[in-house]
Amino acid sequence: MEDIFKSSEFTALLQTLQQRPCEDRSDAWPVEQFAAMTNAGVMQWDQPEELGGLDLSAVFMLEGLRVLASTCLVSTFVLTQRSAAVRRIATSKNEAAKQNLLPKLLTGEIFATVGISHLTTSGQHLKTPLVHATETADGFVLNGTVPWATSATVADYLITGGTLDDGRQILVALPTTRDGVEVLPPVQLMALNASQTGAVKLADVPVTRDEVLHGPVTAVMQQGTGGGAGSLGTSALAIGATAGNLRNMNVEAQKRPELQQFLTPLQTELDSLSQSLQLAAAGTHPDGDKAAENIRRKANSLVMRSAQTWLAVTKGAGYVHGHPAERAVRESMFFMVWSCPQPVLIANLQELACSAS
Ligand SMILES: Cc1cc2nc3c(=O)[nH]c(=O)nc-3n(C[C@H](O)[C@H](O)[C@H](O)COP(=O)(O)OP(=O)(O)OC[C@H]3O[C@@H](n4cnc5c(N)ncnc54)[C@H](O)[C@@H]3O)c2cc1C
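No experiment lies behind these values; they were computed from the predicted model shown. (Residues numbered from 1 in each chain as written. Predicted model: local features only at pLDDT ≥ 70, side-chain atom pairs only at ≥ 80, totals over all residues.)

With respect to the domain arrangement of the chain
- Domain annotation of the chain identifies domain 1 (2–107), domain 2 (112–222) and domain 3 (232–352).
- Distance from the C-alpha centre of domain 2 to the C-alpha centre of domain 3: 31 Å.
- With 4 residues of domain 2 in contact, the opposing surface of domain 3 contributes 6 residues. (Domains from an automatic or database assignment. Contact = placed C-beta atoms within 7 Å.)

What to know about the nonpolar core
- Core analysis: the biggest nonpolar cluster contains 94 residues, and Ile89, Tyr157, Ile159, Ala173 and Leu277 have the highest contact counts within it.
- Beyond its immediate sequence surroundings of up to four residues, Ala173 is in contact with Ile89, Ala97, Leu101, Tyr157, Ile159, Glu211 and Leu213. (Core = buried A, V, L, I, M, F, W, Y, C linked by C-beta atoms within 7 Å. Buried ≥ 20, exposed ≤ 12 C-beta atoms within 10 Å, placed from the backbone.)

Observations regarding the environment of Arg178
- Turning to its location among the elements, Arg178 is positioned in the loop between β5 (168–175) and β6 (181–183).
- Residue classification places Arg178 among the partly exposed residues on the basis of 15 C-beta atoms within 10 Å.
- Sequence-wise, Arg178 and Leu202 are 24 residues apart; in three dimensions their C-alpha atoms are separated by 9.7 Å. (Helix = DSSP H or I, 4+ residues; strand = E, 2+ residues; numbered from the N terminus.)

Thoughts on the site of the ligand
- By nearness alone, 21 residues border the ligand, and Ser117, Ser122, His125, Trp148 and Thr150 come closest of all.
- Elements that contribute at least two residues to the shell around the ligand include exactly β1 (112–115) and β3 (139–150).
- A breakdown of the residues in the shell around the ligand according to their chemical character gives 9 nonpolar, 12 polar and no charged.
- Residue-level mapping places the shell around the ligand at the junction of two domains, with at least three residues from each of domain 2 (112–222) and domain 3 (232–352). (Near = placed C-beta within 6 Å. Nonpolar A, V, L, I, M, F, W, Y, C, P; charged D, E, K, R; others polar.)

Quick word on helix α7 (residues 260–282)
- Taking 1.5 Å per residue, 23 residues should reach 33 Å; α7 reaches 33 Å between its end C-alpha atoms and fits that length.
- Buried within α7 we find Leu273, Ser274, Ser276, Leu277, Ala280 and Ala281.
- Where the residues of α7 are buried, they touch α3 (58–71), α6 (232–255) and α8 (291–319).
- A positive phi of about 75 degrees marks Gly283, the residue just after α7. (Expected span 1.5 Å × (residues − 1).)

Regarding the pairing of strand β4 (residues 157–163)
- By the criterion of burial, β4 is predominantly enclosed, with 7 of the 7 residues buried.
- Of the two faces of β4, the one holding Tyr157, Ile159, Gly161 and Thr163 and the one holding Leu158, Thr160 and Gly162 are both buried throughout.
- Relative to β4, β1 runs parallel, the two being bridged by 4 bridges. Opposite Val114, over in β4, you have Ile159 as the bridge partner.
- Between β4 and β5, which pair antiparallel in sequence order, lie 4 residues; one of them, Gly167, sits at a positive phi of approximately 95 degrees. (Pairing = 2+ DSSP bridges.)

Quick look at the packing of α3 against helix α4 (residues 73–90)
- Two numbers describe how α3 lies on α4: the axes approach to 6 Å, and their chain directions differ by 145 degrees. For the pair α3 and α4, contact is made by Leu65, Leu68 and Ala69 and by Leu73, Thr76 and Thr80, respectively.
- Partitioned by chemical class, the residues of the contact of α3 with α4 number 4 nonpolar, 2 polar and no charged. (Axes fitted to C-alpha atoms, helices over the stretch in contact; angles between N-to-C directions.)

A word on the packing of α3 against α6
- Orientation of α3 relative to α6, taken along the N-to-C sense of each, is 40 degrees, at an axis distance of 7 Å. The angle between α3 and α6 falls in the class oblique. The way α3 lies across α6 gives a crossing that is right-handed. Counting all contacts with α3, which are made through Ala58, Leu62, Leu65, Arg66, Val67, Leu68, Ala69, Ser70 and Thr71, the residues of α6 involved are Leu232, Gly233, Ala236, Leu237, Ile239, Gly240, Ala241, Ala243, Gly244 and Arg247.
- The residue makeup of the contact of α3 with α6, split by class, is 12 nonpolar, 5 polar and 2 charged. (Parallel < 35°, antiparallel > 145°, perpendicular 65-115°, else oblique. Left-handed = near helix turned anticlockwise from the far one by under 90°.)

Concerning helix α5 (residues 95–107)
- Its 13 residues give α5 an end-to-end C-alpha distance of 19 Å, which sits within 8% of 18 Å, the value for a rise of 1.5 Å per residue.
- At Leu101, α5 shows its largest bend, some 25 degrees, and a proline, Pro103, comes one to four positions later.
- Turning to α5, the residues buried within the fold contact α4, β1, β4, β5 and β8 (212–218).
- Once α5 finishes, Gly108 follows within two positions and takes phi at roughly 85 degrees, a positive value. (Bend = angle between axes of the 7 residues up to and from the residue.)

Some points on the environment of Gln308
- Here Gln308 lies in helix α8.
- You can call Gln308 partly exposed: it has 15 C-beta atoms within 10 Å.
- Separated by 300 residues in sequence, Gln308 and Ser8 place their C-alpha atoms 34 Å apart.

Description of unusual backbone geometry
- With an omega of 5 degrees, the peptide bond running from Gly215 to Pro216 counts as cis.
- With respect to the secondary-structure elements, Pro216 resides in strand β8.
- Here Asp204, not a glycine, exhibits a phi torsion of approximately 50 degrees, which is positive.
- With respect to the secondary-structure elements, Asp204 resides in strand β7 (residues 197–208).

Structure, rendered in structure tokens:
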């Protein structure tokens, strides 16, 4: 299976990502990069075998994400949001939705994304849910605002959910063309603007029972629907982005050998964390249930430190807008806010405040 990362298609994909870096603009959705991923068979990675997919094991999936993120973080991030949508469909008991959506997602005929953070991380301090679901004779009606949905602007389906009055939740596959669905323009972000991330308003949106993927059930995201906040996939991206930072810093260090003293310890830390990721993916990490959280905490710290080190060695030139080092610093901050579980955030804040006990 590891041959897929040595195939000529995968090599061509990495070349495309290297030679055609996504611009950091919200009108620059990575069309070409995504087409190259589809051509290289990446859309097969997460699909069930019976529907023509490869259903890669976690070890290979994470390795693929790590390598892709080391070359282009934004397109790999978009890929993870599509993958999250695919997982929610593939783990559903709704066979009709699976048969209808998964083959089209595999060929790239349709694109789907997730808007699910309001069920896990966003707005958890609010008394009323951000998306309210009401049961009707035919199914449900959704009202509210999905605060975050990456690439909803180009998505045919949004995998999202709502909370009923009794606290139970549903996850649905919602066509973005449905009456009452309004995909708002992407917000201006600190980085990763090409991901076209923004909110989606839902006003009296009818959902049929056929479109329900999971629930109604309490805490729908914790029902084995395919990974929650801070999954190993998020760490694979942070580790991959770090590898990209160190690769670039190494180019600088070839001309300035005195930089090796900073590069070497960061590289050692990266190698160790990459190994940890593999162990966790294989289910053999000594930290057991805590492995994902511990890896994400370390990956967040490392991606930020590696980006800042690269910026510092590039000096003022790296601080000029458009230099890849200043972009790497902005991109590294993403991991502090994206799908970041509370214990990870607290540990990272303690590190920043030097207040860890
Ligand atoms: C670039 C980007 C892309 C993303 N893409 C997706 C996606 O495709 N799909 C998806 O589902 N999610 C996505 N997310 C969401 C992400 O995973 C997190 O859920 C999100 O970043 C959490 O931030 P929030 O502002 O929504 O958090 P919130 O917790 O809602 O915080 C918002 C504000 O509320 C206030 N607040 C927070 N906690 C408290 C408190 N305890 N008491 C009082 N006030 C409080 C603070 O002022 C805070 O700034 C994305 C996020 C980013 C940044």
